Amino acid sequence: SFRRTVADRAPTLLLVSGEPGVGKSSLVAEVHKPIVASNGYFIGGKFDQLKRNVPFASLIAALRDLVRQVLTEPDNQLRQHRIRIQQALGPVGQLVVDAIPELEKLIGPQQPVPELPPLESQNRFRQAFRAFLAAFAQPEHPLCLFLDDLQWADSATLAWIEATILDRSLGPLLLICAYRDNEVSEAHPFALALERMRRGDVAIDSVFLAPLQLATTRLIVADTL
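Computed from a prediction, not measured in an experiment: that's the story for all the values here.

Colleague: How would you summarise the overall build of the protein if you had to cite specific residues and measurements?
Modeller: On a plain count of helices and strands, the protein comes out with ten helices and five strands. Its C-alpha atoms give the protein a radius of gyration of 18 Å, near enough to 17 Å, the size a compact globule of 225 residues would have. Based on the C-alpha atoms only, the size of the protein along its principal axes is roughly 60 × 40 × 35 Å. In the protein, buried positions account for 47% of the 225 residues.

Below is the structure:
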């Protein structure tokens, strides 16, 4: 999935499903190594069952991690990032700085943004975050975003995921979403969004993790002992 994302220079959605505790997060964590070796960025966020009413919480956590990674890079790379981000965000940079305070260290103080009605404000916020991602999802350093426990995702983040995956001009972004399949029914908001994405002719890959078979379990126990 990652190689195709890089080749197509367009977003890919990778779904990792299975029962609780089957090893979804552990599997995805192993992807970190080859992606970083390919000059890619790997960031992640996790949805919380008790924070389902907090919009974009896991996404913001992942992007704060991205900014912290970038701030450790050499000055010449920081200058390139600064120019790209400022061009991508334009007059709405303060929206992203409000959510990711660390970003101000990279792009400096931003102009205030005008107030809008709630619906227009939310759309502007989603567009600003897509533009921010596009500044990082570049052929020379593709971006991998891992969102865990998607069965507890808030509606605002689900709408953002759908719009982001459908945006073929975004750049090489691999979006990995892990979820408990036994908690996502056909009527679940994520299942409905996924159906719309499939109709939108986007690249969607799936990995289903079943419990370990007895023979494999014996091998693990034998190796341990």
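There's plenty left to go through after this.
Colleague: So what's going on with the pattern of salt bridges? Which residues, and what values?
Modeller: Applying the stated criterion across every chain, the model contains eleven salt bridges. Glu30 is the salt-bridge partner of Lys33, the closest N and O atoms lying 3.1 Å from each other. Of this pair, Lys33 and Glu30 are both found in helix 2 (residues 24-37), three residues apart, which corresponds to roughly one turn of the helix. Here Glu102 and Arg64 are joined by a salt bridge, their closest N and O atoms 2.8 Å apart. Of the two residues, Glu102 sits in the loop between helix 5 (93-99) and helix 6 (104-107) while Arg64 sits in helix 3 (residues 57-70), which places them 38 residues apart along the sequence. Note on Glu102: relative accessible area 11%, which makes it buried. According to the relative accessible area criterion, Arg64 is partly exposed, its value standing at 30%.

Colleague: Give a description of the packing of helix 4 (residues 75-89) against helix 7 (residues 118-136) that names residues and reports values.
Modeller: Taken N-terminus to C-terminus, the directions of helix 4 and helix 7 make an angle of 150°; their axes are 9 Å apart at the nearest point. Judged by the inter-axis angle, helix 4 sits roughly antiparallel to helix 7. For the crossing formed where helix 4 meets helix 7, the hand is right-handed. In contact with His81, Arg84, Ile85, Ala88 and Leu89 of helix 4, helix 7 contributes Ala128, Ala131, Phe132, Ala135 and Phe136. For the contact of helix 4 with helix 7, the per-class residue count stands at eight nonpolar, one polar and one charged.

Colleague: If you had to explain unusual backbone geometry to someone new, which residues and values would you point to?
Modeller: If you check the backbone angles, Asn39 has positive phi at about 65° while not being a glycine. With respect to the helices and strands, Asn39 occurs in the loop between helix 2 and strand 2 (41-46). Classification of Asn39 by relative accessible area gives exposed; the value is 55%. With a phi close to 60°, Asp149 is a non-glycine residue in the positive phi region. Here Asp149 lies in the loop between strand 3 (143-148) and helix 8 (155-166). Residue classification places Asp149 among the buried positions, given a relative accessible area of 8%.

Colleague: Help me get a handle on the nonpolar core, residues and values and all.
Modeller: Core analysis: the biggest nonpolar cluster contains 57 residues, and Leu103, Phe132 and Leu150 have the highest contact counts within it. Membership of the second largest hydrophobic core comes to twelve residues, among which are Leu14, Val28, Ile35 and Leu209.

Colleague: Before we move on, could you go through helix 8 and cite the residues and values that matter?
Modeller: In this model helix 8 runs 17 Å from its N-terminal to its C-terminal C-alpha over twelve residues, within 8% of the 16 Å that 1.5 Å per residue would give. In this fold, the buried residues of helix 8 make contact with strand 1 (12-18), helix 3, helix 7, strand 3, strand 4 (173-180) and helix 9 (189-199). N-capping of helix 8 is provided by Asp154, with a side-chain oxygen placed 3.3 Å from the backbone N of Ala156.

Rules and cut-offs
- Residues numbered from 1 in each chain as written.
- Predicted model: local features only at pLDDT ≥ 70, side-chain atom pairs only at ≥ 80, totals over all residues.
- Heavy atoms only, no water.
- Helix = DSSP H or I, 4+ residues; strand = E, 2+ residues; numbered from the N terminus.
- Rg over C-alpha atoms; globule rule 2.2 N^0.38 Å.
- Buried < 20%, exposed > 50% of the residue type's maximum accessible area, 1.4 Å probe, protein only.
- Salt bridge = Lys/Arg side-chain N within 4 Å of Asp/Glu carboxyl O.
- Axes fitted to C-alpha atoms, helices over the stretch in contact; angles between N-to-C directions.
- Parallel < 35°, antiparallel > 145°, perpendicular 65-115°, else oblique.
- Left-handed = near helix turned anticlockwise from the far one by under 90°.
- Contact = heavy atoms within 4.5 Å.
- Nonpolar A, V, L, I, M, F, W, Y, C, P; charged D, E, K, R; others polar.
- Core = buried A, V, L, I, M, F, W, Y, C linked by side-chain atoms within 4.5 Å.
- Expected span 1.5 Å × (residues − 1).
- Polar contact = N/O pair within 3.5 Å; in protein donor to acceptor, adjacent residues only side chain to side chain.

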